[in-house]
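Geometric and topological summary
One-letter residues, chain by chain:
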Amino acid sequence: MKDRVVLAYSGGLDTSVAIGWIAEATGAEVIAVAVDVGQGGESLETIRQRALGCGAVEAYVADARDEFAEEYCMPALKANSLYMDAYPLVSALSRPVIVKHLVKAAKEFGATTVSHGCTGKGNDQVRFEVGIQTLGPDLKCIAPVRDLALTREKAIDYAEKNSLPIVTTKKNPFSIDQNVWGRAVETGFLEDIWNGPTKDVYDYTASPEFPPAPDVVTIEFKQGIPVALDGNPVTPLQAIEELNRRAGAQGVGRIDIVEDRLVGIKSREIYEAPGAMALIAAHKELENVTVERELARFKKTVGQRWTELVYDGQWFSPLKRSLDAFIEDTQKHVNGEIRLELHGGRATVQGRRSSSSLYDFNLATYDEGDAFDQASARGFIDIFGLSSKVATERDERVAANEAK
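What comes next concerns the included structure. This is a predicted model, so every value here is computed, not measured. (Residues numbered from 1 in each chain as written. Predicted model: local features only at pLDDT ≥ 70, side-chain atom pairs only at ≥ 80, totals over all residues. Heavy atoms only, no water.)

We now examine the packing of helix α4 (residues 90-109) against helix α5 (residues 124-135). One can describe the packing of α4 onto α5 by two numbers: an axis separation of 9 Å at closest approach and a directional angle of 40 degrees. The orientation of α4 with respect to α5, classified from their angle, is oblique. For the element pair α4 and α5, the recorded crossing hand is right-handed. Residues Ser 91, Ala 92, Arg 95, Ile 98, Val 99, Lys 100, Leu 102, Val 103 and Lys 107 of α4 form the contact with α5, whose participating residues are Asp 124, Arg 127, Phe 128, Gly 131, Ile 132 and Leu 135. Split into classes, the residues belonging to the contact of α4 with α5 amount to eight nonpolar, two polar and five charged. (Axes fitted to C-alpha atoms, helices over the stretch in contact; angles between N-to-C directions. Helix = DSSP H or I, 4+ residues; strand = E, 2+ residues; numbered from the N terminus. Parallel < 35°, antiparallel > 145°, perpendicular 65-115°, else oblique. Left-handed = near helix turned anticlockwise from the far one by under 90°. Contact = heavy atoms within 4.5 Å. Nonpolar A, V, L, I, M, F, W, Y, C, P; charged D, E, K, R; others polar.)

Here it is as structure tokens:
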């Protein structure tokens, strides 16, 4: 029996050519695996048939949209996950769910090797291969672009020579990765970091310069997860999709960043994540209302570390798993509603309401009915500042002795 290779298959030119390229280079049979994480475009059946037409012996397709939204995007939302305070892990979150299905297919079809389409200078090769060796320690990994010298030019020549059922065009100026959580764009003229993005870079968002009338949305959360929009029940996937549409129409969620890649280089990236950024803005504010101060402060540190681990391809690591448990515990009182105004590229909180709120009107008010005991303040200030006061007295004493 021939060796078998499972290929992460997108339906595009490079991975279509990779089917035959891998077979010729290794002598193995290729099984194409396509995973739908909400990237849109062609149907899974169309992609499956193309894989078979390009020479795959089997084609496995998985609709993982709900799985991705519930098991990957929602943990990121609970962590308020923004890499370098800006990037909501669009690509990083999708890799572990794709890996899960690649390893599952490898076991099902008796493959010894898993292949992906990454280059040798990006983050995704690490995310794929660390995930694969964690979930399938006996599996080998190859990358046709990195390991088998498959360039774009060779891919076009190969497709035309072998009459593959795929449109061959000269290189798109951008490298694009997208899913329901957002869209990532890089390369081309964007590599000159002085160049501003042009209109053709964007797809998920309209220009915020001339927005339609403000759109006000009320998002209800239960234990940190969105469960209703404007009173209508939604699944996590539906919440993201609806906010992609509504926030995207207002130009919310455009991000332009020079990013620190895991491999040690800086890279200019453009992201669009209207739904993700609107949800994170609302979730953060609901935490401000419902999470105790010291817990909230420490959670920021945990959320930052969680984000770095996921960005670095450590989704399946023991530390990430333990941080998940902490973050999950912080969400038990994150219940309530946030009213957001979406307008002109901004998602602005207008109102907050929660049955588990820590906000006490009678303590906060300066008007009649104030329940705060202001007489307690002087003693609190004396004790709170005591250590600094003692240290200052010591410093003055030492300085006086040294001056003698």
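What follows covers the environment of Gln 178. Secondary-structure assignment places Gln 178 in strand β6 (residues 175-179). Residues Gln 178 and Glu 269 lie 91 residues apart in sequence; the distance between their C-alpha atoms is 13 Å. Setting aside residues up to four positions removed in sequence, Gln 178 forms contacts with Gln 39, Arg 183 and Tyr 204. A distance of 2.9 Å separates the side chain of Gln 178 from the backbone oxygen of Gln 39, its partner in a polar contact. Among the polar contacts listed, one links the side chain of Gln 178 to the side chain of Arg 183, at a separation of 3.0 Å. (Polar contact = N/O pair within 3.5 Å; in protein donor to acceptor, adjacent residues only side chain to side chain.)

In this model, helix α1 (residues 13-26) (14 residues) spans 20 Å end to end at C-alpha, consistent with the 20 Å of a helix rising 1.5 Å per residue. In α1, a bend of some 30 degrees at Ile 19 exceeds every other bend along the element. Those residues of α1 that fall on the buried side of the exposure criterion are Leu 13, Thr 15, Ser 16, Val 17, Ala 18, Ile 19, Gly 20, Trp 21 and Ile 22. Following α1 by one or two positions, Gly 27 adopts a phi angle in the positive range, close to 75 degrees. (Expected span 1.5 Å × (residues − 1). Bend = angle between axes of the 7 residues up to and from the residue. Buried < 20%, exposed > 50% of the residue type's maximum accessible area, 1.4 Å probe, protein only.)

A cluster of nonpolar residues, Phe 380, Ile 381 and Phe 384, forms a patch on the protein surface that exposes about 390 Å² of accessible area. Looking at where Phe 384 falls in the secondary structure, it is placed in helix α13 (residues 376-384). (Patch = residues over 30% accessible without salt bridge, like charges linked within 9 Å, V, L, I, M, F, W, Y side chains within 5 Å. Areas by Shrake-Rupley, 256 points an atom, 1.4 Å probe, with all protein chains shown as cover. Salt bridge = Lys/Arg side-chain N within 4 Å of Asp/Glu carboxyl O.)

Turning our attention to empty space enclosed by the protein. One pass over the full model with this rule turns up one cavity of 30 Å³ or more. Of the pockets and cavities examined, the largest cavity occupies roughly 40 Å³. Every residue along the wall of the largest cavity is listed here: Ala 92, Pro 96, Arg 127, Gly 131, Val 310, Gly 313, Gln 314, Trp 315 and Phe 316. Elements that contribute at least two residues to the lining of the largest cavity include exactly α4 and α5. Of the residues assigned to the lining of the largest cavity, the class counts are five nonpolar, three polar and one charged. (1 Å grid on protein atoms, 1.4 Å probe; cavity = no way out; pocket = protein on both sides within 12 Å on 5 of 7 lines; lining within 4 Å. Points joined across faces, edges and corners; volume = space filled by probe spheres on them.)

A word on the pattern of salt bridges. Applying the stated criterion to the full structure yields 32 salt bridges. The closest approach of N and O atoms between Arg 50 and Glu 42, which form a salt bridge, is 2.6 Å. For Asp 215, the salt bridge identified is with Arg 246, shortest N-O distance 2.8 Å. With Asp 215 in strand β8 (residues 215-222) and Arg 246 in helix α8 (residues 236-249), this residue pair connects regions lying 31 residues apart in the sequence. A single burial state applies to Asp 215 and to Arg 246, both of which are buried.

What follows is about the side chain of Asn 244. Summarising the element assignment, Asn 244 is placed in helix α8. Using a relative accessible area of 14% as the deciding quantity, one classes Asn 244 as buried.

This part takes up the layout of surface pockets. For the second largest pocket, the calculated volume is near 410 Å³. Forming the boundary of the second largest pocket are 16 residues, of which Ala 79, Asn 80, Lys 284, Glu 287 and Lys 300 lie nearest the centre. Put simply, the parts of the chain that give the lining of the second largest pocket at least two residues each are α9 (274-290) and α10 (293-311). Here the lining of the second largest pocket is built from residues that sort into four nonpolar, six polar and six charged.

Further remarks concern helix α11 (residues 318-330). Here α11 spans 19 Å end to end across 13 residues, near enough to the 18 Å set by a 1.5 Å rise per residue. Every buried residue belonging to α11 is among Lys 320, Leu 323, Ile 327 and Thr 330, and all of these are buried. Buried residues of α11, viewed axially, fall in a sector of 70 degrees; they line one side. Exposed side of α11, more than 90 degrees from the buried face: Pro 318, Arg 321 and Ala 325 are the residues found there. Its buried side turned inward, α11 meets α3 (65-78) and α10. (Arc of directions from axis to C-beta.)

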